[in-house]
Amino acid sequence: MIKHTLIALACVAASAPAWAADGADAALIKRGEYLSRAGDCVACHTVKGGKPYAGGLGLDSPLGMIYSTNITPDKDTGIGNYTLEDFDRAVRHGVAKDGHTLYPAMPYTSYAKVSPDDVKALYAYFMQGVAPVRQENRDTDIVWPLSMRWPLAMWRWVYAPDVAEGGTPADPVPASAPAGDQAVMLRGKYLIEGLGHCGACHTPRGVGLQEKALTDADGTAFLSGGVIEGWLAKNLRGDAKDGLGSWSQQDIVAFLKTGRNAHSAAFGGMAQVVADSTQHLSDEDLNAMAAYLKSLKPVDAKDTRKPSYDDKAAQALRTGGDTSNGAMQFLNNCAACHRSTGKGYAETFPQLALSSTVNSSDPTSLIHIVLKGGQMPATQAAPTAYGMPGFDWRLNDAEVAEVVTFVRSSWGNQAAPVKASDVAKVRKDVGAKPGPVR
């Protein structure tokens, strides 16, 4: 009996997964797991309801659908045969083990800034801390000849920066900052420009689908906002109207940690970023990221006006002084949560008054959320996921345009009107239901 037991235990030990960590590697693997959170690797490499990191998620591009790859340590369908050098070449240079160039949906232009030590920790995590999953990779839906890979090597040569051997960009932060602040902002810059790859969404793209700026040194296009998947990834620079100029450093930290603050709430793709990535980062790293963002100059340095609240719209709504279609649509559909004051309820229903999302020159996100609704992320610090229903079935294009225009011109908001044609385009792009015919 003892002999049989020992044989059984030996069989169990022999069948234990290779990815289980021993004590010597535990610290490195744990660090790699943290870094994978900072890079939000799980978001792109996990399909809804699928095994972590097994790939298969469809990433919509202007050329067609690209499907994320299996990055588990499975030797047949994943990256189990990758050496550290192979892994580094893929992550920081955008070149797979077999030599083909990766689609820049993989943000290797940002990951080029990741330090070799951090790449080593990530490699340890993916090889020893992630369960191998046998799942074949899916080819893209991009049609030939656009599906040919060789032009991507030229794209990488033109648009991807050289790898920074130390992982630290030159001219990191304003030289005028105190030494202690420089160290904090340097860490924030490293996370935002590198693993956080914030520019992949928040920086506009050029004719070659490249980010117009990869760092602040490249100009104020960096983190000035970009449209992705039917959402406007907002301006993260110092503009008071549509950027972070009115947010304090602590406001930014609260948003990244909880998905909400006194100004706004995370929605669309950013809700997933908060849920999968930023809520898991340390307070030190979140403060570093916030400090760096607050150091960025506004896109429009000449516009020094700070929006101020105006209660004329609130008074008109209360007294019936405004009977326009936009005002009536707001009262019938929006006021119960966002209130006639436009101030909403703190960290529950976001305020519309002086909102940087509302005041953005591009109304895409506002139209999108009116049509299809949205939901805050549920986080450890704020577990209640408040949501907003979509009104695509209830409001037609003209009515959405009217209520959005009302919101963008009330309570001190000063944004341009929205046309029905603008709504029609977003409705089509995001697959919203047809509106009613009046």
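Residues numbered from 1 in each chain as written. Predicted model: local features only at pLDDT ≥ 70, side-chain atom pairs only at ≥ 80, totals over all residues. Heavy atoms only, no water.

A.B. asks: Which parts of the structure should I look at to understand the overall build of the chain?
C.D. replies: Regarding its fold elements, the chain presents 18 helices and six strands. Counting the 438 residues in the chain, one finds 47% classified as buried. Restricting the contact set of the chain to residue pairs at least 6 apart, pairs at least 24 apart contribute 63%. Accessible area of the chain: about 21,700 Å², with a carbon and sulfur share of 57%. (Helix = DSSP H or I, 4+ residues; strand = E, 2+ residues; numbered from the N terminus. Buried < 20%, exposed > 50% of the residue type's maximum accessible area, 1.4 Å probe, protein only. Contact = heavy atoms within 4.5 Å. Areas by Shrake-Rupley, 256 points an atom, 1.4 Å probe, with all protein chains shown as cover.)

A.B. asks: When you look at the UniProt feature "binding site: heme c 2" (unreviewed entry) in the chain in this model, what are you seeing that I'm missing?
C.D. replies: Residues annotated in UniProt with the feature "binding site: heme c 2" (unreviewed entry) correspond here to Cys198, Cys201 and His202. With respect to the helices and strands, the residue cysteine 198 is situated in the loop between α8 (179–193) and α9 (199–202). Leaving out residues up to four positions away in the same chain, cysteine 198 has contacts with Ile192 and Leu223. Along the chain, histidine 202 falls in helix α9. Histidine 202 has contacts with Leu223, Ser224, Gly225, Gly226, Ala233, Lys234, Leu236 and Met270, leaving out every residue within four places of it along the chain. (UniProt positions renumbered as here; feature names shortened; annotations may be inferred.)

A.B. asks: What exactly am I supposed to notice about a nonpolar patch on the surface here?
C.D. replies: Taken together, the side chains of Leu63, Val143, Leu146 and Leu209 define a hydrophobic patch exposed on the protein surface, amounting to about 340 Å² of accessible area. Along the polypeptide, leucine 146 turns up in the loop between α6 (116–128) and α7 (150–159). Using a relative accessible area of 46% as the deciding quantity, one classes leucine 146 as partly exposed. (Patch = residues over 30% accessible without salt bridge, like charges linked within 9 Å, V, L, I, M, F, W, Y side chains within 5 Å. Salt bridge = Lys/Arg side-chain N within 4 Å of Asp/Glu carboxyl O.)

A.B. asks: Sorry if this is basic, but what is going on with the nonpolar core here?
C.D. replies: One recurring pattern in soluble globular proteins is that nonpolar side chains are buried together. If you look at the biggest cluster of nonpolar residues, it comprises 52 residues, and the most contacted ones within it are Phe87, Phe126, Leu223 and Leu293. Those elements that place two or more of their residues in this core are α2 (23–39), α4 (84–93), α5 (108–111), α6, α8, α10 (249–258), α11 (269–276) and α12 (283–294). The element that contributes the greatest number of residues to this core is α6, accounting for eight residues. Counting 28 residues, the second largest nonpolar core, distinct from the first, contains Ala314, Leu317, Cys334 and Val404. (Core = buried A, V, L, I, M, F, W, Y, C linked by side-chain atoms within 4.5 Å.)

A.B. asks: What am I meant to see in α6 here?
C.D. replies: Residues separated by three or four positions in an α-helix point in the same direction, a consequence of the helix having 3.6 residues per turn. Across its 13 residues, α6 extends 18 Å between first and last C-alpha, which sits within 8% of the 18 Å expected from 1.5 Å per residue. The set of residues buried in α6 consists of Asp118, Val119, Ala121, Leu122, Tyr123, Ala124, Tyr125, Phe126 and Met127. (Expected span 1.5 Å × (residues − 1).)

A.B. asks: Please clarify how the packing of aromatic side chains should be interpreted in this entry.
C.D. replies: Between two aromatic rings, the relevant description is the distance of the centres plus the angle of the planes. Evaluation of the coordinates by the stated rule reveals 14 aromatic pairs. Summarising the aromatic geometry, the rings of phenylalanine 330 and tryptophan 411 are spaced 5.3 Å apart at their centres and angled 55° between planes, so their arrangement reads as tilted. Taken together, the residues span a long stretch of sequence, with phenylalanine 330 in helix α14 (residues 325–333) and tryptophan 411 in the loop between α17 (397–408) and α18 (420–429) at a distance of 81 residues. Taken individually, phenylalanine 330 and tryptophan 411 each receive the classification buried, so the pair is uniform in this respect. In this structure an aromatic cluster arises from ring pairing among Tyr53, Phe87, Tyr123, Tyr125 and Phe126. Geometry around tyrosine 67 places arginine 138 over its ring, the cationic atom sitting 4.0 Å from the centre. Above the plane of the ring of tyrosine 309 lies lysine 343, whose end atom (NZ or CZ) is 4.4 Å from the centre. (Phe/Tyr/Trp six-rings, centres within 6.5 Å; stacked < 30°, edge-to-face > 60°. Lys NZ or Arg CZ within 6 Å of the ring centre and 35° of its normal.)

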